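# Survey of secondary and tertiary structure
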Amino acid sequence: MVKSFRFFTFTLLFFAFSPAQTQIITGGNTTSLGSGCYRLTNNVNHKGYAYDTNELSLLDTINLKFRVNLGATNASGADGIVFVLRDSLTSGLLGDLGRSLGFEGAVNPSGGSIGVEFDTYQNGLNSDPQQDHMALSKNWNVDHGDATNTLFGPVQALPNSVNIEDGNDHILHIKWNPSTQVFKAFLDCNLRINYQGDLVNEVFNGNTDVYWGFVGATSGSFNVQKFCIGTPIEDVTDLLSPTVDVCKGDTVNFDAGQSTVSYLWTPALAL
């Protein structure tokens, strides 16, 4: 028997981590907002960090998703946040204020780092472009004029807008393929960083285990800057709405509650 699915409730799960799988430590001005969300900075002179204490292996595929929000103040907003992979949490968890984004200055003498920066303020000392941008760097560096430590970019964060301080959540997707040694970062399904290199040996000194986290900073200009992990995007009770957008190749999980019922999908093949 084919039964209409419109009478069943499902939950759309956002795949990254569940709160039970993460053990987050925070510091600086970071505040936990609950449900896997953290505010790194408020509308004041702030800096903060949040790291997961569970290790990831660079010998395995890494596939992480987050929601990031860079605030709602554009012209006078600052400064940005950085997604970090680092091989130690023993020291140097947070760098400097302002243009350092909480990343530069967070030097851990015993280990390496890479950072995907989301920079929302043009600093000439960092050779920043005018538009809000992303870049991939290593060794706690945010100076795009440093060709040794800038691995990719800077590139405009949103391909169709120079401004990411729009008050909206944006989906960050981090991928690492150990067989091809390719590191990718997508923002709202748009590939923004595509770097190929031997992260284990060229960045992490042969260490294969890393930790992920976020750092962020403001200074004389500021924004509310936050991120979320492993939380349901929304609970839907009417299956006719709303529309749910996913990237090509991504999966979503629908829990309809009854394994004995057949379901009819329209269209049968997703385009």
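Going by the structure above, here's the rest.
Overview of the structure.

Criteria and cut-off values
Residues numbered from 1 in each chain as written. Predicted model: local features only at pLDDT ≥ 70, side-chain atom pairs only at ≥ 80, totals over all residues. Heavy atoms only, no water. Core = buried A, V, L, I, M, F, W, Y, C linked by side-chain atoms within 4.5 Å. Buried < 20%, exposed > 50% of the residue type's maximum accessible area, 1.4 Å probe, protein only. Disulfide = S-S within 2.5 Å. Helix = DSSP H or I, 4+ residues; strand = E, 2+ residues; numbered from the N terminus. Salt bridge = Lys/Arg side-chain N within 4 Å of Asp/Glu carboxyl O.

## Examining the nonpolar core
- In this structure, Phe83, Val116, Leu172, Phe183, Trp212, Phe214 and Phe227 are the most contacted members of the largest nonpolar core, which totals 40 residues.
- Counting 14 residues, the second largest nonpolar core, distinct from the first, contains Tyr51, Val84, Leu89 and Leu93.

## Description of the state of the cysteines
- With the rule as written, the count across this model stands at one disulfide.
- Covalently, Cys37 is tied to Cys228 through a disulfide, its sulfur atoms 2.1 Å apart. When the S-S torsion is 110°, as for the bridge of Cys37 with Cys228, the disulfide is right-handed. With Cys37 in strand β5 (residues 37–41) and Cys228 in strand β17 (residues 225–228), the pair connects residues that are 191 residues apart, well separated along the chain.
- With relative accessibility at 12%, the residue Cys37 sits in the buried group.
- Under the relative-accessibility criterion, Cys228 is labelled buried at 10%.

## Things to note about unusual backbone geometry
- Along the chain, Ala78 connects to Asp79 via a cis peptide bond; the corresponding omega equals -10°.
- Its place among the elements puts Asp79 in the loop between β8 (62–69) and β9 (80–86).
- At Asn139, a position not held by glycine, the phi torsion is positive, near 55°.
- Even without glycine at this site, Cys189 takes up a positive phi of about 75°.
- Secondary-structure assignment places Cys189 in the loop between β14 (182–187) and β15 (190–196).

## A look at the pattern of salt bridges
- Tallied over the full model, the rule gives one salt bridge.
- Between Arg67 and Asp169 there is a salt bridge, with the nearest N and O atoms lying 3.7 Å from each other. With a gap of 102 residues between them, Arg67 in strand β8 and Asp169 in the loop between β12 (150–156) and β13 (170–177) connect regions that are remote in the sequence.
- Judged by its relative accessible area of 16%, Arg67 falls in the buried class.

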